[in-house]
Amino acid sequence: MNNDLSLSRALPRLFSIQVPSLSEPMPETNHFREPDHPHQRSDSFQVASNLLLSFKYAGQGIIYAFRTQRNFRIHLMIGAIALGLSVYLQISAIACAVISLTISFVLVLELLNTALEAVVDLTVGREFHQLAKIAKDCAAGAVLIAAITALVVASVLLIPHIIILVF
Ligand SMILES: Nc1ncnc2c1ncn2[C@@H]1O[C@H](COP(=O)(O)OP(=O)(O)OP(=O)(O)O)[C@@H](O)[C@H]1O
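Per an unreviewed UniProt entry, the chain is named Diacylglycerol kinase family protein, and its organism is Pseudanabaena cinerea FACHB-1277. Its UniProt record gives the chain a comment under Sequence similarities (unreviewed entry), which states: "Belongs to the bacterial diacylglycerol kinase family."

Written out as structure tokens, the structure is:
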């Protein structure tokens, strides 16, 4: 018996997930049209015409996530505390860089999670759809894994310095 195959059948049953059939035909879309300019994306309502505008839209995305996503604000606050502690405890530059990377990893995934939620809501609206659930749950799972990793990394790098400071 193929072990991979039996595992892939058993796992969804274990967690009572309905796995959509991959053999179902994809719905036909007729959205593609030729771009006016060879370097322009054709299916976008608007394309940032210069670098400054790109930064502006990126900033708007970050502000949107900050305003609407409680988890983003929590991660940002914990990240700021971890970075503040790193500076206060004078940990090595490499340790500080690793902590910064793990913090930004969590924030980046939180932004991607927010983007995915918006696309899913745009597609299915307030309807329940099993694929929408899978997409949102997987994205939330990615953020959770990153957050746990960041916590472990920050603890491993900071706790020895805190112990030395306290005792
Ligand atoms: N259209 C939908 N169809 C099926 N399930 C959905 C749908 N929208 C949301 N859900 C379920 O509800 C959960 C919460 O949805 P929500 O949009 O708040 O995402 P979230 O990732 O939990 O949000 P946040 O990151 O803000 O905490 C999803 O993880 C998913 O299981």
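K.L.:
Could you clarify how one ought to interpret helix H4 (residues 93-124) in this entry?
P.N.:
The α-helix advances 3.6 residues per turn, and as a result positions three or four apart in sequence lie on the same side. For H4, which comprises 32 residues, the first-to-last C-alpha distance of 46 Å matches the rise-based estimate of 46 Å (1.5 Å per residue) to within 8%. Close packing links the buried residues of H4 with helix H2 (51-68), helix H3 (70-88) and helix H5 (130-166). Just beyond H4, the residue with positive phi is Gly125, at close to 60°.

K.L.:
What should I look at first to understand the site of the ligand in this one?
P.N.:
Looking at the ligand, there are 13 residues lining it, with Phe128, Ala132, Lys133, Lys136 and Ala140 nearest. Among the elements that make up the shell around the ligand, the one with the highest residue count is H5 (5 residues). Here the residues of the shell around the ligand sort into 4 nonpolar, 4 polar and 5 charged.

K.L.:
Sorry if this is basic, but what is going on with unusual backbone geometry here?
P.N.:
Of all residues except glycine, most have a negative phi; of all peptide bonds, most are trans. One non-glycine residue, Gln90, lies in positive phi territory at about 55°. Structurally, the position occupied by Gln90 is in the loop between H3 and H4. Taking the C-beta count within 10 Å as the criterion, Gln90 has 8 such neighbours and is therefore assigned exposed.

K.L.:
Mind showing me how you'd approach the UniProt feature "transmembrane region" (unreviewed entry) in the chain here?
P.N.:
The feature "transmembrane region" (unreviewed entry), as given by UniProt, occupies residues 76-109 and 139-166 in the numbering adopted here. Spanning residues 76-109, this segment combines 88% helix with 0% strand, and its end C-alpha atoms are found 12 Å apart. Annotation note: span residues 139-166, helix share 100%, strand share 0%, distance between end C-alpha atoms 39 Å.

Criteria and cut-off values
- All chains use their own residue numbering, which begins from 1 and follows the written sequence.
- Only residues with pLDDT of at least 70 are given local features in this predicted model, and only at 80 or more are side-chain atom pairs given and counted; all residues enter the totals for whole chains, interfaces and linings.
- UniProt positions are given in the numbering used here, feature names are shortened, and annotations may be inferred rather than shown by experiment.
- Every helix listed is a DSSP run of H or I at least four residues long, and every strand listed is a run of E at least two residues long, numbered separately from the N terminus.
- What a helix is expected to span follows from its residue count: subtract one and scale by 1.5 Å.
- Our contact criterion uses C-beta atoms placed from the backbone: two residues qualify when those atoms are within 7 Å.
- Any residue whose C-beta atom, as set from the backbone, lies within 6 Å of a molecule or strand is reported as near that molecule or strand.
- Classes in brief: Ala, Val, Leu, Ile, Met, Phe, Trp, Tyr, Cys and Pro nonpolar; Asp, Glu, Lys and Arg charged; the others, Gly included, polar.
- Counting other C-beta atoms within 10 Å of each residue's C-beta, where C-beta atoms are placed from the backbone, gives the exposure class: buried for 20 or more, exposed for 12 or fewer, partly exposed between.

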